Amino acid sequence: MTDFSSDQAASLPDAEVLDLVVALTSARPALRAVYDAALGLTPEASVDPDVVPRTPSVTDIPQIPVGGVATDPGFTDAGVPTFDSVRERIDGRSGRAVGSTELDAESAVGRTEAEKFAERERAGKARLDEIRKSMQRP
């Protein structure tokens, strides 16, 4: 292993340090949190606290070679998502949508909106009955 002093590390530009951290942690599952954090940083973010780091995307996830072939669960060797992975994503989104709808309905604002909607429905039905009665011939 090459000796690397802290003086040498301190002299590196931020971009090179981040590249080095990403390269060193990409194939180490135990350091996945460090890798994810490094991906979310930019050299400017370490200088300017107002800069929001970007969120890592699916393309940022490293492909760990297994037996010489890079594989990623949920994708074929050609990089096409599998049916199961797509179904899991859709099911997850659907579940979150249903859950958030239920939580919204249980909140005070949700109950108030439901009451307003029910009142509009009753008023609309009453008005429709009036119109139907007025259209009938005596």
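Each value, and the rule that gives it
- Residue numbers run consecutively from 1 along every chain, following the written order of its sequence.
- Two thresholds apply to this predicted model, a pLDDT of at least 70 for residue-level local features and 80 or more for giving and counting side-chain atom pairs, whereas whole-chain, interface and lining totals are computed over all residues.
- Only hydrogens and water are set aside when side-chain values are computed; all heavy atoms of the structure are taken into account.
- Under the DSSP-based scheme used, a helix requires at least four consecutive residues in state H or I and a strand at least two consecutive residues in state E, with every element numbered from the N terminus.
- Burial classes follow relative accessibility: with a 1.4 Å probe on protein chains only, a residue under 20% of its type's maximum area counts as buried, one over 50% as exposed, and anything between as partly exposed.
- Here a residue-residue contact requires only that any non-hydrogen atoms of the pair lie within 4.5 Å.
- What counts as a salt bridge is simple: a side-chain nitrogen of Lys or Arg found within 4 Å of a carboxyl oxygen of Asp or Glu.
- Fitted lines through C-alpha atoms give the axes, limited to the stretch in contact for helices. The angle between two N-to-C directions lies from 0 to 180 degrees.
- With respect to orientation, any angle under 35 degrees is reported as roughly parallel, any angle over 145 as roughly antiparallel, any angle of 65 to 115 as roughly perpendicular, and every other angle as oblique.
- Polar here means any residue outside two lists: the nonpolar Ala, Val, Leu, Ile, Met, Phe, Trp, Tyr, Cys and Pro, and the charged Asp, Glu, Lys and Arg; Gly therefore counts as polar.
- The handedness criterion is simple: a crossing whose near helix is rotated anticlockwise from the far helix by less than a right angle is left-handed, and one whose near helix is rotated clockwise is right-handed.
- Confidence of the predictor at the level of single residues is captured by pLDDT, which takes values from 0 to 100.
- Two N or O atoms count as a polar contact when they lie within 3.5 Å, although within protein this holds only if one can serve as hydrogen donor and the other as acceptor, and sequence-adjacent residues are included solely when both atoms are side-chain atoms.

Trainee: Even after reading the chapter, I still don't get the overall build of the chain, so can you show me in this structure?
Mentor: Summing up its helical and strand segments, the chain has 6 helices and 2 strands in all. The N-to-C order of helical and strand elements in the chain reads α-α-α-α-β-β-α-α. Looking at the 138 residues of the chain, the share that counts as buried comes to 9%. When contacts within the chain are restricted to residue pairs at least 6 apart in sequence, long-range pairs at least 24 apart make up 23% of them.

Trainee: Would you mind going over the pattern of salt bridges with me for this structure?
Mentor: For side chains bearing opposite charge, pairing can occur when the charged atoms are close. Per the counting criterion, the structure on display carries 5 salt bridges. Between Asp36 and Arg32 there is a salt bridge, and its shortest N-O distance comes to 3.1 Å. With Asp36 and Arg32 both in helix α3 (residues 32–39) and 4 residues apart, the pair spans about one turn of that helix. Among the residues examined, Asp36 registers a relative accessible area of 31% and is labelled partly exposed. For the salt bridge of Arg122 with Glu119, the shortest nitrogen-to-oxygen distance reads 3.0 Å. Highlighted residues: Arg122 and Glu119, both in helix α6 (residues 108–135), separated by 3 residues, approximately one helical turn.

Trainee: Sorry if this is basic, but what is going on with the packing of helix α5 (residues 83–106) against α6 here?
Mentor: Any two packed helices are characterised by how steeply their axes cross, that is the angle between the axes, and by the distance between the axes. At a minimum axis distance of 4 Å, the contact between α5 and α6 shows a crossing angle of 80°. When the axes of α5 and α6 are compared, the pair comes out roughly perpendicular. For the pair α5 and α6, the contacting residues are Asp104, Ala105 and Glu106 in the first and Ala108, Gly110 and Arg111 in the second. A breakdown of the residues in the contact of α5 with α6 according to their chemical character gives 2 nonpolar, 1 polar and 3 charged.

Trainee: What exactly am I supposed to notice about the packing of helix α2 (residues 14–25) against α3 here?
Mentor: Where α2 meets α3, the closest approach of the two axes is 9 Å, and the angle between their N-to-C directions is 145°. The two elements α2 and α3 meet at a crossing, and its hand is left-handed. Residue-level inspection shows Leu18, Val21, Val22 and Thr25 of α2 in contact with α3, the latter providing Val34, Tyr35, Ala38 and Leu39. Here the contact of α2 with α3 is built from residues that sort into 7 nonpolar, 1 polar and no charged.

Trainee: Honestly, the confidence of the model for the chain in this entry has me stumped. Any pointers?
Mentor: Predicted coordinates in areas of low pLDDT are best not read in detail. With 71% of its residues at a pLDDT of at least 70, the chain reaches an overall mean of 78. Ranking the elements of the chain by mean pLDDT puts strand β2 (residues 69–70) last with 50 and α6 first with 93.

Trainee: Just checking my understanding: could you explain the side chain of Ser85 for this structure?
Mentor: With respect to the helices and strands, Ser85 occurs in helix α5. Assessed through its relative accessible area of 16%, Ser85 is described here as buried. A distance of 2.9 Å separates a polar side-chain atom of Ser85 from the backbone oxygen of Gly74.

Trainee: Sorry if this is basic, but what is going on with the side chain of Thr25 here?
Mentor: Along the polypeptide, Thr25 turns up in helix α2. Sequence-distant contacts of Thr25, defined by excluding residues within four places in its chain, comprise Leu31, Val34 and Tyr35.

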